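# Remarks on the overall topology
The lines below spell out each chain.
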Amino acid sequence: MSQQANVTQIDAIKHFRSVLVQYQAQMRDACELLNYEGGRGVDWVDVDRSSYWPAEVRRLEEALGAAKNALEQCNLRAYGDERASCIDEKKAVTRINSRLNLAREKVKQTRSWKMRIQRDGDEFQTRIVQVTDYADADLPKAIAALDRMIAALEQYAARSETPPASATASGVKSPPSGEGAGDSA
């Protein structure tokens, strides 16, 4: 049993093909952008923060030493029988000490983030490669299949539009509609 295709608009398939080509280009661009942006995030933790927080710890340790020296100098000063209150120096030591503790905590967090982001970055790269492979391999196959379908349908449409050459060459005319074999006078 033969099946007939009832294709009424080859242009719709052509339009779908052109949209698919645009989709392929947009998918490639999106993968490239995601790959770049993902790499920036990994670099920020892996390079920038990994060097920033240890340097901040060193800077704050030096500042804390200086603040403790200033507090000690203040405590040694005496005005008559009264000692100086050294409130500002005490506040500075407390403030710098809390910042130093925060910076040390950030160093620990950065180490754990670094391991996690590298693992998650590798997984992300695997997924992006899969999507890129789809855009580079599967979509071109689909576009080529659509090209073959369009060519076949155009050939089919061209054959069905032109009458067979043997019927017009032999002089046999098909009866006009309404006249048939049963209409004899």
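Scope of this entry: the structure provided in the associated data block. On a predicted model such as this, the values are computed, not experimentally measured, just so you know.

What counts, and at which threshold
Residues numbered from 1 in each chain as written. Predicted model: local features only at pLDDT ≥ 70, side-chain atom pairs only at ≥ 80, totals over all residues. Heavy atoms only, no water. Helix = DSSP H or I, 4+ residues; strand = E, 2+ residues; numbered from the N terminus. Buried < 20%, exposed > 50% of the residue type's maximum accessible area, 1.4 Å probe, protein only. Areas by Shrake-Rupley, 256 points an atom, 1.4 Å probe, with all protein chains shown as cover. Salt bridge = Lys/Arg side-chain N within 4 Å of Asp/Glu carboxyl O. Disulfide = S-S within 2.5 Å. Phe/Tyr/Trp six-rings, centres within 6.5 Å; stacked < 30°, edge-to-face > 60°. Lys NZ or Arg CZ within 6 Å of the ring centre and 35° of its normal. Axes fitted to C-alpha atoms, helices over the stretch in contact; angles between N-to-C directions. Parallel < 35°, antiparallel > 145°, perpendicular 65-115°, else oblique. Nonpolar A, V, L, I, M, F, W, Y, C, P; charged D, E, K, R; others polar.

### With respect to the overall build of the chain
- Looking only at helices and strands, the chain has 3 helices and 2 strands in total.
- For the chain, the succession of helices and strands along the chain, N to C, is α-β-β-α-α.
- In the chain, which comprises 185 residues, the share counted as buried stands at 18%.
- Accessible surface computed for the chain: about 14200 Å², of which carbon and sulfur atoms make up 53%.

### Focus: the pattern of salt bridges
- A complete count under the given rule lists 11 salt bridges for this structure.
- Note that R40 and E37 form a salt bridge whose closest N and O atoms lie 3.2 Å from each other. Here the residue R40 and the residue E37 both occupy positions in helix α1 (residues 10-76), the gap between them amounting to 3 residues, near one helical turn.
- D46 is the partner of K114 in a salt bridge, and the nearest nitrogen-oxygen pair spans 3.7 Å. With K114 in helix α2 (residues 87-161) and D46 in helix α1, this pair connects stretches of sequence that are 68 residues apart.
- One connected set of salt bridges, linked through shared partners, spans R116, R119 and D120.

### A word on the state of the cysteines
- Taken as a whole and assessed by the stated rule, the structure comprises 1 disulfide.
- Disulfide partner of C74: C86, at an S-S distance of 1.9 Å. Here C74 and C86 share a disulfide; its torsion about the S-S bond, -100 degrees, makes the bridge left-handed. Here C74, found in helix α1, pairs with C86, found in the loop between β2 (82-83) and α2; they are 12 residues apart in sequence, far enough to count as distant. Comparing C74 with C86, the two get one shared label, buried.

### Concerning the packing of aromatic side chains
- Scanning all chains against the criterion turns up 1 aromatic pair.
- Both rings, one in Y52 and one in W53, keep their centres 4.8 Å apart while their planes meet at 75 degrees; by these two values the pair is edge-to-face.
- Classification of Y52 by relative accessible area gives partly exposed; the value is 33%.
- One Lys or Arg, R49, reaches over the ring of Y52 and ends 4.4 Å from the middle of that ring.

### Points about the packing of α1 against α2
- Orientation of α1 relative to α2, taken along the N-to-C sense of each, is 170 degrees, at an axis distance of 7 Å. By the angle between their directions, the pair α1 and α2 is classed as roughly antiparallel.
- Classifying every residue of the contact of α1 with α2 by side-chain character gives 41 nonpolar, 9 polar and 17 charged.

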